[in-house]
Amino acid sequence: MGEKREEWRKKNSFYHNYVYRFTRFLVPDGSRALYINHPLQDMRAAGTDLDYVVLSDALGYVHDIEESLHEVFDVLKPDGRVIVTQYNEMWEPILHMASRLGLRMPSVEQNWLSRIDLNNSVSLAGFEVIRSGSKILMPKYIPLLSAFLNRVVVNIWPLSRLGLCRYVVGRKLGTHVSHARPSISIIVPARNEAGTIQKIVDELPELGDFTEIIFIEGHSKDNTLAEIERVVKGYRGKKRLSYAVQEGKGKGDAVRKGFDMARGDILAIYDADMTVPATEVVKFYRALVANRGEFINGSRLIYPREKQSMRMLNFFGNKFFSFAFSYIIGQPIKDTLCGTKVLWKKDYESIKRNRAFFGDFDPFGDFDLLFGAVKLNLKIIDMPVHYKDRTYGTTNISRWKHGWLLLQMTWFAARKLRFI
């Protein structure tokens, strides 16, 4: 039976190769992964502490779906992932007909899981669904047409519900923190923000085993650098303060420099304009430690905003980009440009190792992290924040110049993460 199965896989190699390439795309480079494409394959033979287990069209043939997924749960690391691909039940009549015509392996009675069934099965086994969707409208190779249907059309609603191959990515639930008080490093990019430096040090909360504040000065035209030096030199409290001047330009460059300097278990970005109250960093820390998410993203679009905090055109621009990026990344995200973001340092190191996939494209730093988190299948969750007026200086954002850059990055992300 196994030999015949392999023969049919070769005859339908276009479909199977596509599924394999797609699941390989979902598994980050350097991960310890096990690929299972046969229901009788013994996953325990691969040992435990796996980063990923990929069940490729296998759940349709197992006797007990929940038990099989529990076995996957047991061999994964505490923060491991399962990827499940399964035939779309709407294709059942077509697949039966293909079997009768000798175009695929003879049909056997199998489990047909709807989109909801697949998500529920993963959840019942102790996983949280991170992302899901469908791929492949043309399982046979037809020059140009197959690529157009499978890379473009299948990603457009409502045809996105009709893909032959449904997929789900789930993460193990539970608390993954090795100790109760992980330390935190808060990176503060500061350009022309001399009036807030002392207040930032005074108001950012003390968290975990230690709280580190790292100022990265960005070639200011005012006395920001001198103020940072004064505050750091004169500080006598428990927080660990340090600073550096960035070599390059842009907030993204400053964030990466600060992250490389950081010694904490958790990394946070806090904007020096203090339009988000410093005390709200506590909520981000608490959510990450409790494993409510693995990438906590601030959202300024929930609570009422002070009148001058966000101009109307910027508000609608944020709405557009939040809708576009939510569609592209497959996870809801309401505010892509909020400067407050928190993640584990170990996850940032993985983002950094996989950065070559996207390249150095982002002057803001927000999307480098967001796209990297999506590529790692991290759970992204929005944290509502209060958004206040500036009390010092003016914004460093140019709505037209940077708006055009955001449009370019939207298209870039769609090509890299969606139309594949």
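The structure presented is a predicted model; accordingly, all values stated were derived computationally and were not measured. (Residues numbered from 1 in each chain as written. Predicted model: local features only at pLDDT ≥ 70, side-chain atom pairs only at ≥ 80, totals over all residues. Heavy atoms only, no water.)

A. Main features of the overall build of the chain. In terms of helices and strands, the chain carries 14 helices and 12 strands. Residues counted as buried form 53% of the 420 residues belonging to the chain. Contacts in the chain between residues far apart in sequence, at least 24 positions, make up 78% of those at least 6 positions apart. Counting only carbon and sulfur atoms, one obtains 56% of the accessible surface of the chain, whose full area is about 19800 Å². (Helix = DSSP H or I, 4+ residues; strand = E, 2+ residues; numbered from the N terminus. Buried < 20%, exposed > 50% of the residue type's maximum accessible area, 1.4 Å probe, protein only. Contact = heavy atoms within 4.5 Å. Areas by Shrake-Rupley, 256 points an atom, 1.4 Å probe, with all protein chains shown as cover.)

B. Spatial organisation of the sheet that holds strand β6 (residues 184–190). Strand order in the open sheet made by the seven strands is β8-β7-β6-β9-β11-β10-β12, with mixed pairing throughout. Across the chains shown, the open sheet's two edge strands, defined by having one partner strand only, are β8 (240–245) and β12 (380–384). Shown here is a sheet whose adjacent strand axes are inclined to one another by a mean of 20 degrees, direction ignored. The sheet contact formed by strand β7 (residues 211–217) and β8 spans six bridges and is parallel. (Pairing = 2+ DSSP bridges. Axes fitted to C-alpha atoms, helices over the stretch in contact; angles between N-to-C directions.)

C. View of unusual backbone geometry. The peptide bond linking Trp-157 to Pro-158 adopts the cis configuration, its omega dihedral lying at 5 degrees. The residue Pro-158 is located in the loop between α6 (145–151) and β5 (165–172) in this model. Even without glycine at this site, Asn-291 takes up a positive phi of about 65 degrees. As for its placement among the helices and strands, Asn-291 is situated in the loop between α10 (281–289) and β10 (295–299). By relative accessible area, Asn-291 is classed as buried at 10%.

D. Highlighting the pairing of strand β2 (residues 50–56). Counted residue by residue, β2 has seven buried out of seven residues, so it is predominantly covered. Here four bridges tie strand β1 (residues 33–36) to β2, and the two strands are oriented parallel to one another. If you follow Tyr-35 over to β2, its bridge partner there is Val-54. Bridge count between β2 and strand β3 (residues 76–87): six bridges; the pairing is parallel. The partner of Leu-55 across the bridge, within β3, is Val-84. After leaving β2, the chain enters helix α3 (residues 65–75) and then returns to the sheet as β3, a path that is right-handed. (Right-handed = clockwise from strand over helix to strand, strands pointing away.)

E. Representation of the nonpolar core within the structure. One finds Phe-259, Phe-371 and Leu-417 to be the most contacted residues of the largest nonpolar core, which totals 45 residues. Once residues within four sequence positions are removed from consideration, Leu-417 is found in contact with Phe-25, Arg-131, Ile-328, Ile-329, Phe-358, Phe-371 and Val-374. Formed by 35 residues, the second largest nonpolar core is a distinct cluster that contains Ile-184, Val-281, Tyr-285 and Cys-338. (Core = buried A, V, L, I, M, F, W, Y, C linked by side-chain atoms within 4.5 Å.)

F. Inspection of the sheet that holds strand β4 (residues 127–135) at higher detail. The mixed open sheet is built from five strands, whose spatial order is β1-β2-β3-β5-β4. In the strand order of this sheet, the two ends are held by β1 and β4, each with one partner. On average, adjacent strands in this sheet sit at an angle of 15 degrees to one another, irrespective of strand direction. In this structure, β4 lies alongside β5, joined through eight bridges in antiparallel fashion.

G. Expanded view of the packing of aromatic side chains. Counted under the stated rule, the structure contains nine aromatic pairs. Ring geometry for Tyr-15 and Tyr-87: centres 6.1 Å apart, planes at 35 degrees, overall tilted. Taken together, the positions of Tyr-15 in helix α2 (residues 13–26) and Tyr-87 in strand β3 put the pair 72 residues apart, joining distant regions of the chain. The class for Tyr-87 is buried, based on a relative accessible area of 10%. One aromatic cluster is present, built from ring pairs that chain together Tyr-15, Tyr-87 and Trp-112. Note that Arg-240 overlies the ring of Phe-210, its terminal NZ or CZ placed 3.7 Å from the centroid. (Phe/Tyr/Trp six-rings, centres within 6.5 Å; stacked < 30°, edge-to-face > 60°. Lys NZ or Arg CZ within 6 Å of the ring centre and 35° of its normal.)

H. Seen up close, the side chain of Asn-88. Within the secondary structure, Asn-88 is located in the loop between β3 and α4 (92–100). Side-chain polar atoms of Asn-88 contact the backbone oxygen of Arg-161, separated by 3.1 Å. Looking at Asn-88, its side chain comes within polar contact range of the main-chain oxygen of Gly-163, at 2.9 Å. (Polar contact = N/O pair within 3.5 Å; in protein donor to acceptor, adjacent residues only side chain to side chain.)

I. Seen up close, helix α12 (residues 345–353). What α12 keeps buried is the set Asp-347, Tyr-348, Ser-350 and Ile-351. Considered in projection along α12, the buried side chains sweep an arc of 155 degrees and stay on one side of the axis. (Arc of directions from axis to C-beta.)

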